[in-house]
Amino acid sequence: MKEIFERVSIRKYTDKPVEPEKLERLLRAAMAAPSAGDQQPWEFFVVTDREMIEALSKVHRYAGCAKDAPVVIVPCYRTEGLWVPQYAQIDMAIATENLLLAITAEGLGGVWLGIAPEEERMDRVAQVLGIPPTLRPFALVPLGYPAESRTQEDRFDPKRIHYLA
Ligand SMILES: Cc1cc2nc3c(=O)[nH]c(=O)nc-3n(C[C@H](O)[C@H](O)[C@H](O)COP(=O)(O)O)c2cc1C
């Protein structure tokens, strides 16, 4: 549970590269997510190319913090061969949250930058990555060693709980 209560969005990163073995553990965590019908619609693009990262940071006005990240993971989903394609974005949201929790667990920082369900944003990211139309970008997750620190706010609100006994 620790990472659930420690995770915060981190938008500033040091230059230190993220070790490949850490990146693999992050992606293992993402792929451990449940998915509808176990369809696992995900494909993960791990971007370290500086020009590509800069282009990704410009796909919308709230994506600028990606610019100086040492790595940006772009969770995408397949549109073909899925058992229940209407659940693909929900599946991707769960995998992306797993990714964020793993980022925290590894002593890294990252943030979810919204792409899906906004088709224009999805198209722009697809163009930067050069991926085929059978793959749709879901989010941008810039990450790295944190250059800022924050503590999570307590969002627990008992009024939002409705016991029906
Ligand atoms: C679906 C989704 C889209 C988001 N899009 C952006 C974004 O475009 N830019 C950004 O800086 N943060 C984005 N965030 C991060 C939220 O702003 C952040 O999670 C929220 O303010 C709560 O802060 P915390 O993550 O530190 O708890 C997004 C988060 C989610 C879940």
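Everything here concerns the structure above.
Report on the accompanying structure.

With that settled, consider the packing of aromatic side chains. Counted under the stated rule, the structure contains one aromatic pair. Sitting above the plane of the Tyr145 ring, Lys16 keeps its charged end 4.2 Å from the centroid.

So, on to the site of the ligand. Looking at the ligand, the residues that line it are Arg7, Val8, Ser9, Arg11, His60, Tyr62, Val111, Trp112, Leu113, Gly114, Arg150 and Arg155. One nitrogen or oxygen atom from the side chain of Arg7 is found 2.9 Å from an oxygen atom belonging to the ligand. Within the backbone of Tyr62, a nitrogen or oxygen atom sits 2.9 Å from a nitrogen atom of the ligand. Protein chains shield 62% of the accessible area of the ligand, which is 620 Å² for the free molecule. Class assignment of the residues belonging to the shell around the ligand gives a composition of five nonpolar, three polar and four charged.

Its location among the elements puts His60 in the loop between helix H3 (50–56) and strand S2 (71–78). Side chain to side chain, His60 and Arg121 meet in a polar contact 3.3 Å long. In this structure His60 touches Gly114, Ile115, Arg121 and Arg124, once residues within four positions along its chain are discounted.

What follows is about the pattern of salt bridges. Where charged atoms from two side chains of opposite charge come close, those side chains can pair. On inspection of all chains with the given rule, the structure shows 13 salt bridges. Salt-bridge contacts for Arg121 lead to Glu118; the nearest nitrogen and oxygen are separated by 3.9 Å. Sharing partners across several salt bridges, the network here consists of Lys2, Glu3 and Glu6.

Let's shift gears to helix H4 (residues 88–105). One turn of an α-helix holds 3.6 residues; hence residues three or four places apart share an orientation. Helix length check: H4 (18 residues) gives 26 Å between terminal C-alpha atoms against 26 Å at 1.5 Å per residue, within 8%. Those residues of H4 that sit buried are Ala88, Asp91, Met92, Ala95, Thr96, Leu99, Leu100, Leu101, Ala102, Ile103 and Thr104. Packed against the buried residues of H4 are helix H1 (2–6), helix H2 (20–31), strand S1 (42–47), S2, strand S3 (109–110) and strand S6 (139–144). Backbone geometry just downstream of H4 places Gly107 in the positive-phi region, at approximately 75°.

Applying the stated rule across the entire model yields zero disulfides. For the unlinked cysteine Cys65, the closest cysteine sulfur is that of Cys76, found at 18 Å. For Cys65, a relative accessible area of 17% puts it in the buried group.

Packing of H2 against H4 leaves a shortest axis separation of 7 Å and a crossing angle of 145°. H4 is crossed by H2, and the crossing has right-handed handedness. In this structure, H2 uses Leu26, Ala29 and Ala30 to contact H4, whose residues at the interface are Ala95, Asn98, Leu99, Ala102 and Ile103.

Rules behind the numbers
- Residues numbered from 1 in each chain as written.
- Predicted model: local features only at pLDDT ≥ 70, side-chain atom pairs only at ≥ 80, totals over all residues.
- Heavy atoms only, no water.
- Phe/Tyr/Trp six-rings, centres within 6.5 Å; stacked < 30°, edge-to-face > 60°.
- Lys NZ or Arg CZ within 6 Å of the ring centre and 35° of its normal.
- Near = heavy atom within 4 Å.
- Polar contact = N/O pair within 3.5 Å; in protein donor to acceptor, adjacent residues only side chain to side chain.
- Areas by Shrake-Rupley, 256 points an atom, 1.4 Å probe, with all protein chains shown as cover.
- Nonpolar A, V, L, I, M, F, W, Y, C, P; charged D, E, K, R; others polar.
- Helix = DSSP H or I, 4+ residues; strand = E, 2+ residues; numbered from the N terminus.
- Contact = heavy atoms within 4.5 Å.
- Salt bridge = Lys/Arg side-chain N within 4 Å of Asp/Glu carboxyl O.
- Expected span 1.5 Å × (residues − 1).
- Buried < 20%, exposed > 50% of the residue type's maximum accessible area, 1.4 Å probe, protein only.
- Disulfide = S-S within 2.5 Å.
- Axes fitted to C-alpha atoms, helices over the stretch in contact; angles between N-to-C directions.
- Left-handed = near helix turned anticlockwise from the far one by under 90°.

Remember, this is a structural readout, not a statement about activity or role.
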